[in-house]
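# Descriptive structure summary
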Amino acid sequence: YTGDRRCVCSMMSLELGTTPFKFLKLASFAPLISAQRVVCPKCGSSRKYFCYTCYVPVGISPDCIPTVKLPLPVDIIKHRLERVGKSTSAHARVLSPDSVNIHIYPDIPSYPDKTKVFLLYPSSDALSLESLLARETKEGSLDSNGSSAAKKQCLQRLPCDRLVLIDSTWSQAKRIAADERLSDIPRLQLEQAETLFWRPQRKPNHYLATVEAIYYFFKQLHELQDGRPYEGQYDNLLYFFAFQYLLIHKSDKMK
């Protein structure tokens, strides 16, 4: 059995090398390959890999699942009718439990200082990360007589204290974004990011799954702030996402 598991793991690693995920530094899929469907110890529901309502690994030792530390806390506002099998917000919560929280709409946290919070949501008034950092750097350097040291310090300072995302269908997302508790929060949008979601969708390719949006946000933030090559610090946010992609594409090939 151990030999078979190693063989399957090796085969999946080879297949990963032919996918868009081939350049990511992902943890081994071996724990997922050997995982069995079991009862969640918290809610008693039958689950595999993780519980999408309790946000804990199931049938796998937590030590075998990678964890990702993010530089900012993330709030995901999830519509109560969003299909759990399609939603990837649970991926982010399980893989980054100290940084990501999920709130079921209409539950929305209170944000006393909304100038320190950004909603990652595409709209006509949304700034790109690059534009935001350029603005912050310009304003900060003006306050410090434009010294190069001041510019560097402003660029390295995080542009906000918290990131908020909406997890729902796009029609539902419009209604949630219009909620008075979110409508006046500054908005950001990602550039040069395309979805790798495993099922065809009717929206353009720049409409990302929730966990993809979180991944691309922090990857781009790192590249724009640090000025150093990205070295895979946030790649494991896509650990479950890439594994699911492999499983579904493998299943489609066998049909």
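Residues numbered from 1 in each chain as written. Predicted model: local features only at pLDDT ≥ 70, side-chain atom pairs only at ≥ 80, totals over all residues. Heavy atoms only, no water.

### A word on helix 6 (residues 170-177)
Of the positions making up helix 6, those classed as buried are Gln172, Ala173, Ile176 and Ala177. Mapping the buried residues of helix 6 onto a view down its axis gives an arc of 135°, with all of them on the same face. The exposed residues of helix 6 that point more than 90 degrees off its buried face are Lys174 and Arg175. Buried residues along helix 6 sit against strand 5 (74-79), strand 6 (100-105), strand 9 (162-167) and strand 10 (187-189). (Buried < 20%, exposed > 50% of the residue type's maximum accessible area, 1.4 Å probe, protein only. Helix = DSSP H or I, 4+ residues; strand = E, 2+ residues; numbered from the N terminus. Arc of directions from axis to C-beta. Contact = heavy atoms within 4.5 Å.)

### Quick notes on the packing of aromatic side chains
Per the stated rule, a full pass over the model turns up 14 aromatic pairs. Residues Phe197 and Phe241 carry aromatic rings whose centres are separated by 6.4 Å and whose planes lie at 45° to one another, so their mutual orientation is tilted. Taken together, the residues span a long stretch of sequence, with Phe197 in the loop between strand 10 and helix 7 (210-226) and Phe241 in helix 8 (residues 239-254) at a distance of 44 residues. On the basis of relative accessibility, which here comes to 0%, the residue Phe241 falls in the buried class. Between Tyr230 and Tyr234, the ring centres sit 6.3 Å apart and the planes meet at 25°, which makes this aromatic pair stacked. The exposure class assigned to Tyr230 is buried, which follows from its relative accessible area of 17%. You can call Tyr234 buried: its relative accessible area is 10%. Among the aromatic residues, those joined into a cluster by ring pairs are Phe29, Tyr49, Phe50, Tyr239, Phe240 and Phe243. The ring of Tyr52 has Arg47 sitting right over it, with the charged end atom 3.9 Å from the ring centre. (Phe/Tyr/Trp six-rings, centres within 6.5 Å; stacked < 30°, edge-to-face > 60°. Lys NZ or Arg CZ within 6 Å of the ring centre and 35° of its normal.)

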